[in-house]
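Letter by letter, the chains look like this.
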Amino acid sequence: MKLISVSKSYGDNVVFDKFCLEAEEKKILAVLGSSGCGKTTLLNIISGLTDFQGAVEKSGNKISYIFQNKRLLPNLTVYKNIEFVLKNVYSKEKIPCIINEILRKVELYDSRNLYPSELSGGMGQRVSLARAFAYPSDILLMDEPFKALDISLKKRIIETFNSLYRTDRRTTVFVTHDIEEAFAVADRIIVLQKGGNILADETLSVPAEERGYADFSETKKRIYDVL
Amino acid sequence: MKLKLKKILPDIIYPFAAVGIIVALWAIFAAAIDMELIVPSIGSTFDKLGNLLTGADFYRALGNTLLRTAASFLTGALAALLLSLVSLNDSVRKFLSPVIKIVRSVPTMSVILLTVIWMKPATSPIFVAFLINFPIMYSGFYSAFSGVDKDLVAMSKVYGVKFKNRLFELYLPAIAPAAFDCMQSSIGLTVKIVISAEVIAQTRYSMGIAMQMARGYLETAELLAWTLAAVVLSYILELLIFAIKKAFVRWK
Ligand SMILES: Nc1ncnc2c1ncn2[C@@H]1O[C@H](COP(=O)(O)OP(=O)(O)O)[C@@H](O)[C@H]1O
Ligand SMILES: [Mg+2]
């Protein structure tokens, strides 16, 4: 996926100025940056939710998006929320198998008939994760999906994400302001500054699933230096 | 069990107290004025109501007025739903909003008098009530539609959800609570307007004409009995809409 000379402003507020970025297919690109630097805007540009100048070249048109807030329909159960995005892409017969399988993977099978108001924050985020992976997308966008979770919940959800991703790779852009989260999942990390400057660009040699607690102190130091 | 009783007791006590106070005031006025022609006693009003309830004319009038109310209300609600939905498009809204504003600001009495000239007595009350309830429901539905969570709309667009599914699973459920509240208050208004229009259009076999005739014969007790019937009719229709809302909005 390629962003070619992308510019975006809100009035006088220039968020991207002739910004270029290439994301490798089937790899996770983490975009680190402080709040307000344009991370959400970047994902909205890629997903077509906001207008912009320039071009985005994509290998396919289907996009899964895990938003910063969960964005679940309050009137639909967990199961129906996932079904809602699949009706247009899979046949009626195939949908139940896909949903039940993904719900087992995110440990929500027993909660499939609950409404969003009955879910805890971590469970809601899991539904959002399940929805993104159930949908057969070419591109996966993630906007600080682990932000509002406490440490142990965050660790478990990141594990779930890594196990889903291992069997179902997609070209992924993962934005966060948390450097540890970036190291827990990404293949490559860039540091973004307002206006579209890339302050650091590091490719991590060890794949996320083999990484464990591998020490990236040199890389981390280089990233911390530009922050 | 005890707790539950404690919780629902106010729901029973207060309405009864309110009705009790109204009835007491009525009894006091009737006794003080002591003229059946001006303020009939409770006893004679309920006697009349009893008489009405045993005659076939009552049900004929009630049925006709109810049908007119239903026809007017359902067409009003349907038109309001369709037009408020297409008003989500900005240009459509800009075109429609002055039209609706004009319809809204025409005095009720002019609408009634004009349509009585243009239409048959049996159908003009339907149209009059439509002209009154449609703009109210349109505004209510439109503001409910514009309150639909933009984040959810954006989500469904990214995931390529078809308009049909968005309509039935996102938009309509989202507006349902507010839309039903709006319909609940419109139905009572529709009953009132239909009856008023029936009075002026001299619609045969209707509650409106029955009230008008009771007034003409100075049968004040009978007029009050019809009024009670109209109040009960409104109340039952409101309850019906409330029940449909409860059956439909299950996720809260
Ligand atoms: N809809 C909008 N209207 C006006 N300004 C906006 C809008 N969305 C974002 N911005 C501005 O664009 C900049 C980048 O915002 P955003 O992409 O949300 O940052 P981040 O996600 O990195 O916190 C901020 O300065 C923000 O105020
Ligand atoms: Mg953001």
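Computed from a prediction, not measured in an experiment: that's the story for all the values here.

### Notes on the overall build of chain A
Scanning chain A for helices and strands turns up eight helices and nine strands. Over its C-alpha atoms chain A spans a radius of gyration of 18 Å, differing by no more than 12% from the 17 Å that the globule rule assigns to 227 residues. C-alpha extents for chain A along the principal axes are approximately 45 × 40 × 30 Å. By residue count, 52% of the 227 residues in chain A fall in the buried class. Long-range contacts, defined here as pairs at least 24 residues apart, represent 71% of the contacts in chain A between residues at least 6 apart. Positive and negative charge centroids in chain A, built from 32 and 30 side chains respectively, lie 5 Å apart.

### Points about the sheet that holds strand β2 (residues 13-22) of chain A
Residue and element names in this part refer to chain A. With antiparallel pairing, three strands are arranged side by side in an open sheet as β2-β1-β4. This sheet does not close on itself; its edge strands, each paired only once, are β2 and β4 (53-57). Direction aside, the axes of adjacent strands within the sheet are offset by 20 degrees on average. Where strand β1 (residues 2-10) lies against β2, six bridges are found, and the strand directions are antiparallel. Within β2, the position partnered with V6 by the bridge is F19.

### With respect to the domain arrangement of chain A
Residue and element names in this part refer to chain A. By the assigned domains, chain A splits into domain 1 (2-62 + 137-226) and domain 2 (72-136). When the two sides are added together, the surface that domain 1 and domain 2 hide from each other amounts to roughly 1,300 Å², 67% of it contributed by carbon and sulfur. Summed over the shared surface of domain 1 and domain 2, the result is one salt bridge. R156 serves as the salt-bridge partner of E107, at 3.5 Å between the closest nitrogen and oxygen. Across the contact surface, domain 1 and domain 2 share six residue pairs in polar contact (both at pLDDT 80 or more).

### Some points on helix α7 (residues 150-158) of chain B
For α7(B), the full list of buried residues reads B:L152, B:V153, B:A154, B:M155, B:S156 and B:V158. As for α7(B), its buried residues are in contact with α1 (39-47), β5 (63-66), α2 (78-86) and α4 (121-134) of chain A together with α8 (163-201) of chain B. The residue sitting at the N-terminus of α7(B) and contributing the capping side-chain oxygen is B:D149; that oxygen lies 2.9 Å from the backbone nitrogen of B:D151. Trailing α7(B) by a residue or two, B:G160 shows a phi angle of about 65 degrees, which is positive.

### Describing the site of ligand 1
Residue and element names in this part refer to chain A. Taken together, the neighbourhood of ligand 1 is formed by Y10, N13, V15, S34, S35, G36, C37, G38, K39, T40, T41 and K194. Here C37 contributes a backbone N or O atom positioned 3.3 Å from an oxygen atom of ligand 1. Relative to its free-state accessible area of 550 Å², ligand 1 is covered by the protein chains to the extent of 60%. Considering every element that reaches the shell around ligand 1, the biggest residue donor is α1, with three residues. Counted by class, the shell around ligand 1 contains three nonpolar, seven polar and two charged residues.

### Comments concerning a nonpolar patch on the surface
The grouping of B:I21, B:L25, B:I28, B:F29, B:I33, B:M35, B:L37, B:I38 and B:L218 at the surface amounts to a nonpolar patch, some 880 Å² of accessible area in total. Along the chain, B:I21 turns up in helix α1 (residues 2-33).

### Digging into the interface of chain B and chain A
At the interface, 16 residues of chain B touch 22 residues of chain A. Taken over both partners, the interface formed by chain B and chain A buries close to 1,800 Å², and the fraction arising from carbon and sulfur atoms is 63%. Across the chain B-chain A interface, the total number found is two salt bridges. The closest approach of N and O atoms between B:D151 and A:R71, which form a salt bridge, is 3.5 Å. Applying the counting rule to chain B against chain A returns seven residue pairs in polar contact (both at pLDDT 80 or more). Elements with a minimum of two residues in the side of chain B that touches chain A: α7 and α8 of chain B. The element best represented in the side of chain B that touches chain A is α7(B), accounting for six residues. Of the residues in the side of chain B that touches chain A, the class split is nine nonpolar, three polar and four charged.

### Side note on the environment of A:F19
Residue and element names in this part refer to chain A. Along the chain, the position of F19 falls in strand β2. Accessibility expressed as a relative area gives 1% for F19, which makes it buried. Sequence spacing of F19 and L29 is ten residues, and the spatial spacing of their C-alpha atoms is 16 Å. The residues contacting F19, other than those within four sequence positions of it, are L3, I4, S5, V6, L42, L192, G196 and I198.

So, how was this worked out
Residues numbered from 1 in each chain as written. Chains lettered and ligands numbered in written order. Predicted model: local features only at pLDDT ≥ 70, side-chain atom pairs only at ≥ 80, totals over all residues. Heavy atoms only, no water. Helix = DSSP H or I, 4+ residues; strand = E, 2+ residues; numbered from the N terminus. Rg over C-alpha atoms; globule rule 2.2 N^0.38 Å. Buried < 20%, exposed > 50% of the residue type's maximum accessible area, 1.4 Å probe, protein only. Contact = heavy atoms within 4.5 Å. Lys, Arg positive; Asp, Glu negative; His and termini not counted. Charge placed at Lys NZ, Arg CZ, Asp CG, Glu CD. Pairing = 2+ DSSP bridges. Axes fitted to C-alpha atoms, helices over the stretch in contact; angles between N-to-C directions. Domains from an automatic or database assignment. Buried area = accessible area lost by both parts, 1.4 Å probe. Salt bridge = Lys/Arg side-chain N within 4 Å of Asp/Glu carboxyl O. Polar contact = N/O pair within 3.5 Å; in protein donor to acceptor, adjacent residues only side chain to side chain. Near = heavy atom within 4 Å. Areas by Shrake-Rupley, 256 points an atom, 1.4 Å probe, with all protein chains shown as cover. Nonpolar A, V, L, I, M, F, W, Y, C, P; charged D, E, K, R; others polar. Patch = residues over 30% accessible without salt bridge, like charges linked within 9 Å, V, L, I, M, F, W, Y side chains within 5 Å.

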